[in-house]
Amino acid sequence: MTCLCLTHSITQTHNHNHNLPHATTTFSSSLHNRNPLFQLFSVSNQFPLLSRALFQSIILRPRIRPFSTNLTASYSSSAFAQIMANFDADSVTYLTQRDAAEIDETLMGPLGFSVDQLMELDVLSVATSISEVYKPCEHSRVLTICGPGNNGGDGLVAARHLHHFGYKPFVCYPKRTPKPLYAGLVTQLEALSIPFLSVEELPSDLSNDFDVVIDAMFGFSFHGSPRPPFDDLIQRLVSLHNNNNQIGQKRSVIVSVDIPSGWHVEEGDVDGTGIKPDMLKFCGPHHFLGGRFVPPAIAEKYKLILPPYPGTSMCVQIGKPPQIDISALRENYISPEFLEEQVEVDPINQFHKWFDDALAAGLKEPNAMALSTVGKDGKP
Ligand SMILES: NC(=O)C1=CN([C@@H]2O[C@H](COP(=O)(O)OP(=O)(O)OC[C@H]3O[C@@H](n4cnc5c(N)ncnc54)[C@H](OP(=O)(O)O)[C@@H]3O)[C@@H](O)[C@H]2O)[C@@H](O)CC1
């Protein structure tokens, strides 16, 4: 007698079919958000109610060993991992709004930065952080929903970067702004054949068509209640989150660029009915900190203590990575009875049979399997 054992092993970095809190991504920048210099990005399973103060800019003055302000400092990967492992994100302190405003003025004044340049730097960090957490091979279809202001501009830039990173972005930009900056960003996307979808063209359940939904509707200038069509779009993102709580429901990842759209800019998700990106706690997992481009003059003047940036990265992940519940990743398979008389005499034929079954069932990576045989003595 020969025993056969077929193991189907798939490495999954993100499983849409388990009932875990869904990891969403939020990119949050400063309270005085005209200054994206200290953008903090978050992908976390925590969901603290956010006070506006948390949107304040970095800056890191850790109680532990202070990081060098030398922005070009480089470390070996193991040394870097050690440094970041020891970095206590709870120790983050913040610039005052006044400091941030002053820095903003300095950047856009004597230091010669422009809005579009800051937007590019800012959003490059957003895009690289997305690609770090949600690989294009598993989350290729990205919908970017853009609002009428600079937050929407961020969304347009994000779509372009993500296209170059191997994603397939779609853009919904229902209220276009005729300013040259935005017109140029649209032209760039059109030149890349990135599809623009109207609100009416969006599927009722965004999860059916998109792996990632980027919320770039409103940032720090949002006020009052959302007006059409953004009221409906925001509700769609809210329902995405609600659907995410249903067992077995395929889920899109929600990425908010800056403050989640519809949240009160100062108070956060006041009545708890807003978009629920899992954010934003400095001590939580998957937080990304930008700011690599901070000019030394600014760093020195404000005594900014920045973390080291790995390699050529525009941002760095701070805090501890999320704890993964491995048991929750396990799939339960229900299979029919397997009787001895049904076993193929030749194990290779059995392998082919099972392989064909796996193919027909549409299993991901059906070739990720191993077949073993043992004799009567139980030895291979
Ligand atoms: N240095 C910088 O500035 C940089 C900023 N950056 C990014 O820009 C973001 C801030 O951009 P922003 O100031 O353009 O405002 P934003 O939040 O996009 O929206 C304003 C628009 O929304 C509209 N609107 C408001 N409320 C509404 C409602 N209830 N319902 C409907 N519409 C409403 C409002 O229209 P209005 O009410 O004035 O008629 C206006 O058209 C910031 O968070 C960051 O992400 C980066 O790009 C880097 C450089």
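Treat the numbers as computed from the prediction; the structure is a model and nothing was measured.

K.L.:
Break down the overall build of the protein chain for me, citing the residues and quoting the values.
P.N.:
What the protein chain contains, in helices and strands, is nine helices and ten strands. A buried classification covers 47% of the 380 residues belonging to the protein chain. Put simply, of all contacts in the protein chain between residues at least 6 apart along the chain, 80% involve residues at least 24 apart. In the form shown here, the protein chain has an accessible surface area of approximately 18,400 Å², with 54% of it arising from carbon and sulfur atoms.

K.L.:
Tell me what's going on with the nonpolar core, and back it up with residues and numbers.
P.N.:
Grouped together as the largest cluster of nonpolar side chains are 27 residues, with contacts concentrated most on Ile130, Leu156, Leu162, Val171, Tyr173 and Ile214. Taken together, the elements giving at least two residues each to this core come down to α3 (115-133), β4 (141-146), α4 (150-164), α5 (180-191), β6 (212-216) and β7 (253-257). What Ile214 contacts, discounting residues up to four positions off in sequence, is Ile130, Val142, Leu143, Thr144, Ile145, Ala158, Leu162, Val255 and Val257. Counting residues in hydrophobic clusters, the runner-up holds 24 residues, among them Phe210, Val213, Val238 and Ile259.

K.L.:
Just give me the short version of α3, but keep the residues and values in it.
P.N.:
With 19 residues, α3 ought to run about 27 Å at 1.5 Å a step, and its terminal C-alpha atoms sit 27 Å apart, in line with that. Three or more residues of α3 are buried, namely Leu118, Met119, Leu121, Asp122, Val123, Ser125, Val126, Ala127, Ser129, Ile130 and Ser131.

K.L.:
I'd like a description of unusual backbone geometry, backed by residues and values.
P.N.:
Glycine aside, a negative phi is what most residues show, and trans is what most peptide bonds show. Note the cis peptide between Pro228 and Pro229, where omega equals 0°. Despite not being glycine, Ser193 shows a phi value in the positive range, around 60°. Residue placement: Ser193 occurs in the loop between α5 and β6. The class for Ser193 is exposed, based on a relative accessible area of 62%.

How each quantity is defined
Residues numbered from 1 in each chain as written. Predicted model: local features only at pLDDT ≥ 70, side-chain atom pairs only at ≥ 80, totals over all residues. Heavy atoms only, no water. Helix = DSSP H or I, 4+ residues; strand = E, 2+ residues; numbered from the N terminus. Buried < 20%, exposed > 50% of the residue type's maximum accessible area, 1.4 Å probe, protein only. Contact = heavy atoms within 4.5 Å. Areas by Shrake-Rupley, 256 points an atom, 1.4 Å probe, with all protein chains shown as cover. Core = buried A, V, L, I, M, F, W, Y, C linked by side-chain atoms within 4.5 Å. Expected span 1.5 Å × (residues − 1).

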